[in-house]
Structure formats: structure tokens, C-alpha cells
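Overview (structure and organization)
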Amino acid sequence: GESVGLHLPTLSVQEGDNSIINCAYSNSASDYFIWYKQESGKGPQFIIDIRSNMDKRQGQRVTVLLNKTVKHLSLQIAATQPGDSAVYFCAERWAGNQFYFGTGTSLTVIP
Amino acid sequence: DSGVTQTPKHLITATGQRVTLRCSPRSGDLSVYWYQQSLDQGLQFLIQYYNGEERAKGNILERFSAQQFPDLHSELNLSSLELGDSALYFCASSPQWGDEQFFGPGTRLTVL
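Residues numbered from 1 in each chain as written. Chains lettered and ligands numbered in written order. Predicted model: local features only at pLDDT ≥ 70, side-chain atom pairs only at ≥ 80, totals over all residues. Heavy atoms only, no water.

**Describing the overall build of chain B**
Counting secondary structure elements, chain B contains 0 helices and 11 strands. Computed over its C-alpha atoms, the radius of gyration of chain B comes to 13 Å, within 12% of the 13 Å expected for a compact globule of 112 residues. Taking the intrachain contacts of chain B between residues at least 6 apart in sequence as the baseline, contacts between residues at least 24 apart amount to 55%. Just so you have it, chain B exposes about 5200 Å², and 47% of that area is on carbon and sulfur atoms. Charge centroids of chain B, computed over 8 positive and 12 negative side chains, lie 4 Å from each other. (Helix = DSSP H or I, 4+ residues; strand = E, 2+ residues; numbered from the N terminus. Rg over C-alpha atoms; globule rule 2.2 N^0.38 Å. Contact = heavy atoms within 4.5 Å. Areas by Shrake-Rupley, 256 points an atom, 1.4 Å probe, with all protein chains shown as cover. Lys, Arg positive; Asp, Glu negative; His and termini not counted. Charge placed at Lys NZ, Arg CZ, Asp CG, Glu CD.)

**Observations concerning the pattern of salt bridges**
Residues and elements named next belong to chain B. All chains considered together, the criterion is met by 7 salt bridges over all chains. Between Arg 26 and Asp 29 there is a salt bridge, and its shortest N-O distance comes to 2.8 Å. For Arg 26, a relative accessible area of 21% puts it in the partly exposed group. Here Glu 82 makes a salt bridge to Arg 63, at a shortest N to O gap of 3.7 Å. (Salt bridge = Lys/Arg side-chain N within 4 Å of Asp/Glu carboxyl O. Buried < 20%, exposed > 50% of the residue type's maximum accessible area, 1.4 Å probe, protein only.)

**Considerations on the packing of aromatic side chains**
The tally for this structure, following the rule as stated, stands at 16 aromatic pairs over all chains. Relative to Phe 103 of chain B, the ring of Tyr 36 of chain A has its centre 5.3 Å away and its plane inclined at 80 degrees; by these criteria the two rings are edge-to-face. On the criterion of chain membership, the pair formed by Tyr 36 of chain A in strand β3 (residues 32-38) and Phe 103 of chain B in strand β10 (residues 102-103) is interchain, its members lying in two chains. The exposure classification of Tyr 36 of chain A matches that of Phe 103 of chain B, with both residues buried. (Phe/Tyr/Trp six-rings, centres within 6.5 Å; stacked < 30°, edge-to-face > 60°.)

**Looking at the sheet that holds strand β3 (residues 19-24) of chain B**
Two orientations exist for strands paired in a sheet by backbone hydrogen bonds: parallel and antiparallel. All names here are of chain B. Read across the open sheet, the 4 strands follow the order β1-β3-β8-β7; overall the sheet is antiparallel. Both outer strands of the open sheet, β1 (5-7) and β7 (64-68), are each paired with one neighbouring strand and no more. Neighbouring strand axes in the sheet, compared pairwise and without regard to direction, differ in orientation by 15 degrees on average. With 5 bridges connecting them, β7 and strand β8 (residues 74-78) associate as antiparallel partners. Bridge assignment links Ser 65 to a residue of β8, and that residue is Asn 77. (Pairing = 2+ DSSP bridges. Axes fitted to C-alpha atoms, helices over the stretch in contact; angles between N-to-C directions.)

**Describing the pairing of strand β6 (residues 62-67) of chain A**
Residues and elements named next belong to chain A. Two strands pair when backbone bridges link them, and strand β5 (residues 56-58) and β6 are joined in this way by 3 bridges, in the antiparallel orientation. For Lys 56, the partnering residue across the bridge sits in β6 and is Leu 65. Where β5 hands over to β6, the hairpin turn is made up of 3 residues, of which Arg 61 adopts a positive phi near 70 degrees. If you look at the hairpin formed by β6 and strand β7 (residues 72-77), you'll find 4 residues sitting between the two strands, and Lys 71 has a positive phi there, around 55 degrees.

**Examining the sheet that holds β5 of chain A**
Residues and elements named next belong to chain A. Strand order in the open sheet made by the 4 strands is β2-β7-β6-β5, with antiparallel pairing throughout. A strand with exactly one partner marks an edge of an open sheet, and here the two such strands are β2 (19-24) and β5. Shown here is a sheet whose adjacent strand axes are inclined to one another by a mean of 15 degrees, direction ignored. Where β2 lies against β7, 6 bridges are found, and the strand directions are antiparallel. Paired with Ala 24 across the bridge in β7 is His 72.

**Concerning the side chain of Gln 6 of chain B**
Residues and elements named next belong to chain B. With respect to the helices, strands and loops of the structure, Gln 6 is situated in strand β1. There is a polar contact of 2.9 Å between the side chain of Gln 6 and the backbone oxygen of Tyr 89. Within polar-contact distance, the side chain of Gln 6 engages the backbone nitrogen of Gly 106 at 2.9 Å. Leave out the neighbours within four places in its chain, and Gln 6 touches Arg 22, Cys 23, Trp 34, Tyr 89, Phe 90, Cys 91, Gly 104, Pro 105, Gly 106 and Thr 107. (Polar contact = N/O pair within 3.5 Å; in protein donor to acceptor, adjacent residues only side chain to side chain.)

Written out as C-alpha cells, the structure is:
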């Protein structure tokens with residue numbers, strides 16, 4: 001029979017283009033946020049983080065933007081490469097040490 | 001390679017059985033987190049230990065329990081298994097608590 005799974009938002013981009021992945025978080029008291037990348041068959045891998053006292057942080061080819069007013073987080077990937085194809089999760093930290101993850105976005109890079 | 005190890009990689013068992021999943025954190029990390037990732041629920045936080053003590057509980061069923069040993073490795077015990085317990089179980093570690101977590105490769109549990 002047909003399997004039922006989580007319907008992830010999907011994003012397809014051309015190689016070399018910029019990607020923007022969005023995340024709405026739930027707790028206005030969350031003070032720390034992380035973006036993770038998960039490739040098929042592997043565990044989540046840290047990409048970049050941001051604390052709630054910041055609104056932007058840049059890494060190598062990635063930028064995270066935080067808008068606390070609307071509880072929104074975004075991940076921008078510059079010059080997207082085939083190796084960037086994966087599921088991307090945002091995670092928010094509650095009460096100092098509990099992390100809650102979003103459902104994820106599946107990114108496909110078209111060569 | 002994150003430095004976090006999990007065993008076994010795959011586990012197939014029957015309903016009603018009990019299994020133990022093992023996790024070794026990165027060298028020097030004191031916190032261990034357990035997560036369940038299923039097809040219909042995404043990544044769910046189960047429980048966290050810090051230096052041997054339970055620090056936080058998430059959506060962990062009463063049939064599940066965990067502990068962290070003096071050498072800082074952790075075990076997740078799943079009992080009275082049901083079909084719906086089939087999932088990937090990830091362990092993650094961090095140096096203290098509340099900071100960046102490093103994930104292991106996961107254990108895929110299949111309950112038949």
C-alpha cells in the first residue's frame with residue numbers, strides 16, 4: 001500500500017542560484033536558534049546558529065535572519081550547490097535546554 | 001563524522017518486545033539528548049541528561065526510559081513495543097546544556 005509520511009515543504013533551485021528556506025517558530029520566549037541539515041540516511045548536522053539578541057548572522061555561504069516580531073527564521077544559502085540538497089530543519093531552544101524542531105524543508109538542487 | 005556513536009545501526013524486533021539503544025557522546029561532552037524521528041511526526045525531543053542526571057523531558061512515553069552512566073554513555077530503553085514505535089532514534093551530545101548539539105548516525109528501529 002501507499003506509505004503515509006510527513007509532507008515536507010519542498011524547494012527546488014538551480015545550481016548557482018541563492019536559496020531561502022523559511023521557518024516559523026512557536027515560542028516567543030525562545031532564546032537560541034539553530035539550523036540543521038539532514039542528508040538521506042544521516043543524522044542532522046549543524047549549519048549555523050543565532051541568539052535572540054541578534055537579527056542576522058553570517059557563515060560561509062549561509063546567512064540566518066531572525067525576526068522576533070513575527071517569530072520567523074530564515075536560512076539563506078548563496079550559490080547553491082548539488083551537495084546542498086538535503087532536508088533543512090530549524091530548532092528553537094525553550095527553557096534553557098529543550099530544543100524543538102520544525103518539520104523541515106526539502107531542498108533539491110538542479111544541476 | 002560528528003564523534004557521536006550509536007549502536008546498533010539497525011534493529012528489527014516484534015511487538016511487545018523490549019530493546020536497548022546505546023549512545024556514546026563526543027569526548028568531553030556532558031549532555032546527551034535523545035530524539036525520535038518518524039515519517040509522520042518529524043524530529044521529536046524525548047529526553048536530555050547532563051552529567052548523569054535527567055535535565056529535561058519532552059514527548060517521551062512511559063514505556064520508554066533512559067539513563068546516563070558515569071562514563072557518560074547513555075542508553076534508551078523501549079519496552080512493550082508497538083508498531084508505531086518504528087522510527088529512527090537519534091542521540092545528540094553537547095558540551096554543556098542548551099548549546100549546539102552534535103548528532104549520531106541514528107538507530108533505525110523496525111517493529112513487526
